[in-house]
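Letter by letter, the chains look like this.
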Amino acid sequence: MTKTTPSEALKKLGSDYWESMLRASPQSATFYGDPRYNHKLDEYGPQARERLVSLHQDCLKRLKSISEDSLIDRDKLSYKILLRLVTEFLEGQKFCDWEWGLDHIFGPHIHWMGLTEIHPLKTLKDFEDLLSRYREIPKVMDQYLSDLAEGMRSGRVAPSVAYDRVVLQLEGFCKTKSDASPFLKVLKRFPEDFKKSDKRRFEKNFEQALSCDIEPAYRKFHDFLTKHYRPYARKTAGIKFM
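Notes on the structure in this doc start here. Note that the structure is predicted; figures quoted are calculated from it, not measured. (Residues numbered from 1 in each chain as written. Predicted model: local features only at pLDDT ≥ 70, side-chain atom pairs only at ≥ 80, totals over all residues. Heavy atoms only, no water.)

It is worth spelling out the overall build of the protein at this point. Helix and strand counts for the protein stand at eight helices and zero strands. Ordered by position from the N terminus, the helices and strands of the protein form the series α-α-α-α-α-α-α-α. Each principal axis of the C-alpha distribution contributes one length, and for the protein these read about 60 × 55 × 25 Å. Evaluated residue by residue, the protein yields a buried proportion of 41% over its 242 residues. Taking the intrachain contacts of the protein between residues at least 6 apart in sequence as the baseline, contacts between residues at least 24 apart amount to 79%. (Helix = DSSP H or I, 4+ residues; strand = E, 2+ residues; numbered from the N terminus. Buried < 20%, exposed > 50% of the residue type's maximum accessible area, 1.4 Å probe, protein only. Contact = heavy atoms within 4.5 Å.)

This is the structure we're talking about:
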């Protein structure tokens, strides 16, 4: 049996790490053009983080089993980059950045509204996958709010400037009429070869997902912030004030 060389081991590790990260972040996979996880959303909460930590710990263990000195210069660079990615992720866990992840630019409520910008809409399966994502929003929203509530208990919270902007965004969303919702842009993207029956089915299902899953989740987010989070929002900006 041929012995695996250090370069081959590193290449395999890099490939395994990339595949694992795509599984862990379905939305990133979609952005990169990989459709395998188009029916899922990125998850939050302790279980998702435990999976990521385990993934990075395993990667670090495998990386340290490879002799960097035995690699050619090009592979040494790949080794150092992967080592830095993995160690920075693991070291960053102690800062619990998920606890103050209230963000008016990169928050999940923003990413979800922009899903149709990255999600392919060419086949029936593409539309079914997006519908599955929409229906996952309440579950993932609960995970996200649980992380923010954890920050309220620990004292790691977002500044009031972020709070104010997110609340303003949510108020605007809640006032938006259904037919103008960014989540229903998908209904204007049907391919010409779709049957009328399929179009009607998707129209019904996407409108139902908006009214039964998405809008209640966004209202829940708004109520959580205005009724519970507001007194905790920091008056000062900057991590040093936490």
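A few words now on a nonpolar patch on the surface. A contiguous nonpolar surface patch, about 400 Å² in accessible area, is contributed by Trp-18, Phe-31 and Tyr-32. With respect to the element layout, Phe-31 can be found in helix α2 (residues 26-31). (Patch = residues over 30% accessible without salt bridge, like charges linked within 9 Å, V, L, I, M, F, W, Y side chains within 5 Å. Areas by Shrake-Rupley, 256 points an atom, 1.4 Å probe, with all protein chains shown as cover. Salt bridge = Lys/Arg side-chain N within 4 Å of Asp/Glu carboxyl O.)

On to the pattern of salt bridges, then. Per the stated rule, a full pass over the model turns up 16 salt bridges. Linking Arg-201 and Glu-128 is a salt bridge whose minimum nitrogen-to-oxygen distance equals 2.6 Å. One end of the pair, Arg-201, is in helix α8 (residues 196-229); the other, Glu-128, is in helix α6 (residues 124-154), and 73 residues separate them in sequence. Residue class for Glu-128 comes out partly exposed when judged on its relative accessible area of 29%. The partner of Lys-220 in a salt bridge is Asp-142, with the nearest N and O atoms 2.6 Å apart. Note that Lys-220 is positioned in helix α8 and Asp-142 in helix α6, a separation of 78 residues in sequence. A relative accessible area of 36% means that Asp-142 is categorised as partly exposed. Counted as one network, the salt bridges with shared partners bring together Glu-43, Arg-51, Glu-136 and Lys-139.

Taken as a whole, this structure holds 18 aromatic pairs when the rule is applied. Summarising the aromatic geometry, the rings of Phe-190 and Phe-194 are spaced 6.1 Å apart at their centres and angled 35 degrees between planes, so their arrangement reads as tilted. For the pair Phe-190 and Phe-194, one class covers both residues: buried. Of the aromatic side chains, those joined through ring pairs into one cluster are Trp-112, Phe-127, Tyr-134, Phe-173, Phe-183, Phe-190, Phe-194, Phe-202, Phe-206 and Tyr-218. Over the ring of Phe-202 we find Arg-201, and its NZ or CZ is 4.5 Å from the ring centre. (Phe/Tyr/Trp six-rings, centres within 6.5 Å; stacked < 30°, edge-to-face > 60°. Lys NZ or Arg CZ within 6 Å of the ring centre and 35° of its normal.)

One finds Leu-102, Phe-206, Phe-221, Leu-225 and Tyr-229 to be the most contacted residues of the largest nonpolar core, which totals 43 residues. The set of elements that each furnish at least two residues to this core consists of α6, α7 (160-175) and α8. With twelve residues, the top contributor of residues to this core is α6. Not counting residues within four places of it along the chain, the set of residues in contact with Phe-206 comprises Phe-127, Leu-130, Leu-131, Tyr-134, Leu-184, Val-186 and Leu-187. Among the nonpolar cores identified, the runner-up in size contains twelve residues, and Tyr-17, Leu-55, Leu-60 and Tyr-79 belong to it. (Core = buried A, V, L, I, M, F, W, Y, C linked by side-chain atoms within 4.5 Å.)

Next up on the list: α7. Here α7 spans 22 Å end to end across 16 residues, near enough to the 22 Å set by a 1.5 Å rise per residue. Those residues of α7 lying buried are Ser-160, Ala-162, Tyr-163, Val-166, Val-167, Leu-170 and Phe-173. Along the axis of α7, the buried positions cluster into a sector of 150 degrees, meaning they face one direction only. Exposed residues lying more than 90 degrees from the buried face of α7 are Leu-168 and Lys-175. (Expected span 1.5 Å × (residues − 1). Arc of directions from axis to C-beta.)

Look at Cys-96: it is not a glycine, yet its phi comes out positive at around 50 degrees. Relative to the helices and strands, Cys-96 is located in the loop between α4 (73-92) and α5 (108-113). Given a relative accessible area of 12%, Cys-96 falls into the buried group.

Here we take up the packing of α6 against α8. The interhelical angle for the contact between α6 and α8, taken along N-to-C directions, is 10 degrees, at an axis separation of 10 Å. One way to sum up the angle between α6 and α8 is to call them roughly parallel. (Axes fitted to C-alpha atoms, helices over the stretch in contact; angles between N-to-C directions. Parallel < 35°, antiparallel > 145°, perpendicular 65-115°, else oblique.)

A pair of packed helices is captured by two measures, namely the crossing angle of their axes and the spacing between those axes. Their axes nearest at 10 Å, the elements helix α3 (residues 46-64) and α4 cross at an angle of 145 degrees. Crossing handedness for the pair α3 and α4: left-handed. Only Tyr-79, Leu-82, Leu-83, Val-86, Thr-87, Phe-89 and Leu-90 of α4 make contact with α3, whose side of the interface consists of Leu-52, Val-53, His-56, Gln-57, Cys-59, Leu-60, Leu-63 and Lys-64. Each residue belonging to the contact of α3 with α4 can be placed in one class, and the counts come to eleven nonpolar, three polar and one charged. (Left-handed = near helix turned anticlockwise from the far one by under 90°. Nonpolar A, V, L, I, M, F, W, Y, C, P; charged D, E, K, R; others polar.)

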